[in-house]
Amino acid sequence: MNYEELVPVIRRLAIEAGNKIMEIYNSDDFDVKVKSDDSPVTAADEAADALISAGLRAAFPDMMLVTEEQSASHKERGDTFLIVDPLDGTKEFIHRRGDFTVNIALVEKGVPTRGVVYAPAKERMFFTLADGSSVEETGAFDPETVGATSPIRVASSDNAALMVVASKSHRDQATDDYINKYSVKDMKSAGSSLKFCLVATGEADLYPRVGRTMEWDTAAGHAVLSGAGGKVVRFDDHSPLVYGKEGYANPFFIAYAPGVELKEA
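The rules behind these values
Residues numbered from 1 in each chain as written. Predicted model: local features only at pLDDT ≥ 70, side-chain atom pairs only at ≥ 80, totals over all residues. Heavy atoms only, no water. Buried < 20%, exposed > 50% of the residue type's maximum accessible area, 1.4 Å probe, protein only. Helix = DSSP H or I, 4+ residues; strand = E, 2+ residues; numbered from the N terminus. Pairing = 2+ DSSP bridges. Core = buried A, V, L, I, M, F, W, Y, C linked by side-chain atoms within 4.5 Å. Phe/Tyr/Trp six-rings, centres within 6.5 Å; stacked < 30°, edge-to-face > 60°. Contact = heavy atoms within 4.5 Å. Axes fitted to C-alpha atoms, helices over the stretch in contact; angles between N-to-C directions. Parallel < 35°, antiparallel > 145°, perpendicular 65-115°, else oblique. Left-handed = near helix turned anticlockwise from the far one by under 90°.

Caption draft 1: Region of the structure containing the pairing of strand β8 (residues 134–138). When you tally the buried positions in β8, you get four out of five residues, the bulk of the element. As consecutive antiparallel partners, strand β7 (residues 124–128) and β8 are separated by five residues, and within that stretch Gly 132 has a phi angle of approximately 95°, a positive value. Relative to strand β9 (residues 148–151), β8 runs antiparallel, the two being bridged by four bridges. Residue pairing in the sheet places Thr 138 in a bridge with Ala 148 of β9.

Structure representation (structure tokens):
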């Protein structure tokens, strides 16, 4: 994969999908359907998926593509592929809370190496450059022209006063029990893959996830965090979280700045 070609394409598609999502978000009403796994899906999920999938297939016709909204793609197997969650945080979208993101990533040999996370309602966008480092873009989010970018880097963590970010929609006792093993200065809650990005920018030190996620939920945020010097490991044994697993389901995991002294599960 030529990263110089990839990065402008995934950035542009994320912005175009974000524009489509915001049209629906700002409309008076939109339908909510329920998928076979009881998760909600809206016209915004479907419109964004169609736009991104068409764009990726046109640009990279030989690359395997896995996307949340196309169940046939979940049967594909490989360790190198493009993976998409066109609207991560559908519940946040439905309740008009703004914490939803467009996620596009490249996984190579089981590792997310490049990605973009765009939160159109929050007007925040994070992506990896061709060299693998991560930036946050500010400005008008023109699909064709990159605006002002700032390099992002994980925090130099103080283990006596950690900032923890946790899920807005999936917080539970098991998560709190694990967080309580640390010396926590403050807590933030955020929806969708924004949690990875808050660790990547140094706004948080630690994001533990004790709950179900799929690879399309995490790959883009994982790539952005890695490009900012962070890590994502399995909750149980602290080995690296790998991608291309059967069914694309993740185990519990921890995303963190490397200065954090991880506690056992």
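Caption draft 2: Structural view of the nonpolar core. Membership of the largest hydrophobic core comes to 36 residues, with the highest contact counts inside it found for Phe 81, Ile 83 and Leu 225. Elements with a contribution of two residues or more to this core: β4 (81–88), β5 (101–108), β6 (111–119), β10 (162–167), α5 (194–200), α6 (215–227) and β14 (253–256). When residues in this core are grouped by element, the largest group, six residues, is from α5. Ranked by size, the runner-up nonpolar core spans 34 residues in total, among them Ile 24, Phe 60, Met 63 and Leu 82.

Caption draft 3: The packing of aromatic side chains, seen in detail. What the rule picks out here adds up to 13 aromatic pairs. Consider the rings of Phe 93 and Phe 100, whose centres lie 5.2 Å apart with planes at 75°: the pair is edge-to-face. A relative accessible area of 0% places Phe 93 in the buried class. Geometrically, the ring pair formed by Phe 235 and Phe 252 is edge-to-face, given 6.3 Å between the ring centres and 75° between the ring planes. Here the residue Phe 235 occupies a position in the loop between β13 (231–234) and β14, and Phe 252 occupies one in the loop between β13 and β14, the gap between them amounting to 17 residues. Looking at Phe 235, the relative accessible area reads 11%, which means it is buried.

Caption draft 4: Summary view of the environment of Asn 103. Positionally, Asn 103 belongs in strand β5. Exposure remark for Asn 103: the relative accessible area of 0% places this residue in the buried category. On a C-alpha basis, the gap between Asn 103 and Arg 11 in space is 9.8 Å, while along the polypeptide they are 92 residues apart. Setting aside anything within four residues of it in sequence, one finds Asn 103 in contact with Ile 83, Val 84, Asp 85, Asp 88, Val 116, Val 117, Ser 193, Trp 216 and Ala 220.

Caption draft 5: How the structure looks around the packing of helix α1 (residues 3–25) against helix α2 (residues 43–59). Where α1 contacts α2, the axes come no closer than 9 Å and their chain directions differ by 160°. In terms of their interaxial angle, α1 and α2 are classed as roughly antiparallel. Taken as a pair, α1 and α2 cross one another with a handedness that is right-handed. Seen from α1, the contacting residues are Val 9, Ile 10, Leu 13, Glu 16, Ala 17, Lys 20, Ile 21 and Ile 24; seen from α2, they are Ala 43, Ala 44, Ala 47, Ala 48, Leu 51, Ile 52, Gly 55, Leu 56 and Ala 59.

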